[in-house]
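Structural overview
Okay, here's what each chain looks like letter by letter:
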Amino acid sequence: DGGITQSPKYLFRKEGQNVTLSCEQNLNHDAMYWYRQDPGQGLRLIYYSQIVNDFQKGDIAEGYSVSREKKESFPLTVTSAQKNPTAFYLCASSIGLAGDQETQYFGPGTRLLVL
Amino acid sequence: SQQGEEDPQALSIQEGENATMNCSYKTSINNLQWYRQNSGRGLVHLILIRSNEREKHSGRLRVTLDTSKKSSSLLITASRAADTASYFCATDVNAGGTSYGKLTFGQGTILTVHP
């Protein structure tokens, strides 16, 4: 978990509400990623960003939005369009374009629950 | 669909025994990685093996890769109760020799090591 922080640890969303999950890294990594993990399942890629001010949709981007205004920050917004948001959300980063970009370093995760 | 599929889904052993987990994938890769996840936590990178490597060791971990069969195995020797966790394989995509940093994760193997 070192170097990447996610907040909050738990988040409750009401119907029709947008919520934003925070992800910050101090590893000076160019690339950042958001994954969703459902119980007993692997990780599915929501969005990724390889450089500031640029990001790409992953496999399950519908109902989510991101921004990458700063190198160290990659917040994820779960919009009201996401009808089944209850899951464990993991943020990760990797060195990116500057070098060995394959290994990813993960934050501790945010568990999102719907009220 | 998931690129990586782990087998078995769950494995229960006694402390001191060896644990073997397998991963199969579908498309050409640049490298394959193994990650560990303790319950409710983020993932931790264990080992990376490149497509031109057949075997790699790190402490009590041994990873093999057979690109002809599109499969990999993770062996944990002399297991300990602290090895109890979920283990995931992750593959990148060999897009014309370039890895874009995106990883596809399998569903994981839940390992339980009894003291």
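Our subject is the structure that appears above.
Scope of this entry: the structure provided in the associated data block. (Residues numbered from 1 in each chain as written. Chains lettered and ligands numbered in written order. Predicted model: local features only at pLDDT ≥ 70, side-chain atom pairs only at ≥ 80, totals over all residues. Heavy atoms only, no water.)

A common way to report how large an interface is uses the accessible area buried once the components associate. With 23 residues of chain A at the contact, the number on the chain B side is 21 residues. The contact between chain A and chain B buries some 1,800 Å² in all, and 48% of this surface belongs to carbon and sulfur atoms. Counting every contact that joins chain A to chain B gives 0 salt bridges. If you look at where chain A meets chain B, you find 3 residue pairs in polar contact (both at pLDDT 80 or more). (Contact = heavy atoms within 4.5 Å. Buried area = accessible area lost by both parts, 1.4 Å probe. Salt bridge = Lys/Arg side-chain N within 4 Å of Asp/Glu carboxyl O. Polar contact = N/O pair within 3.5 Å; in protein donor to acceptor, adjacent residues only side chain to side chain.)

Residue A:Ser7 is joined to A:Pro8 through a cis peptide bond whose omega torsion reads -10°. With respect to the helices and strands, A:Pro8 occurs in the loop between strand 1 (4-7) and strand 2 (10-13). The residue after B:Asp7, namely B:Pro8, is reached through a cis peptide bond having omega 0°. When you line up the elements, B:Pro8 lands in the loop between strand 1 (5-7) and strand 2 (10-14). In this model, A:Asn53 sits at a positive phi of 65°, which is unusual for a non-glycine residue. With respect to the helices, strands and loops of the structure, A:Asn53 is situated in the loop between strand 5 (43-51) and strand 6 (54-57). By relative accessible area, which is 63% here, A:Asn53 ends up exposed. Of note, B:Lys70 is a non-glycine position whose phi angle comes to about 50°, a positive value. With respect to the secondary-structure elements, B:Lys70 resides in the loop between strand 7 (61-66) and strand 8 (71-76). (Helix = DSSP H or I, 4+ residues; strand = E, 2+ residues; numbered from the N terminus. Buried < 20%, exposed > 50% of the residue type's maximum accessible area, 1.4 Å probe, protein only.)

Here we take up the packing of aromatic side chains. One pass over the full model with this rule turns up 9 aromatic pairs over all chains. Ring geometry for A:Phe106 and B:Phe105: centres 6.1 Å apart, planes at 80°, overall edge-to-face. On the criterion of chain membership, the pair formed by A:Phe106 in strand 10 (residues 105-106) and B:Phe105 in strand 10 (residues 104-105) is interchain, its members lying in two chains. Residue A:Phe106 is classed as buried on the basis of its relative accessible area, which comes to 2%. With 5.6 Å between their ring centres and 55° between their planes, B:Tyr35 and B:Phe105 make a pair best called tilted. Taken together, the positions of B:Tyr35 in strand 4 (residues 31-37) and B:Phe105 in strand 10 put the pair 70 residues apart, joining distant regions of the chain. B:Phe105 gets classed as buried once you look at its relative accessible area, which sits at 1%. Taken together, the aromatic side chains of A:Tyr33, A:Tyr35, A:Tyr48, A:Phe106, B:Tyr35 and B:Phe105 make up a single cluster linked through ring pairs. Seen from the ring of A:Phe74, A:Arg68 lies directly overhead, with NZ or CZ sitting 5.9 Å from the centre. (Phe/Tyr/Trp six-rings, centres within 6.5 Å; stacked < 30°, edge-to-face > 60°. Lys NZ or Arg CZ within 6 Å of the ring centre and 35° of its normal.)

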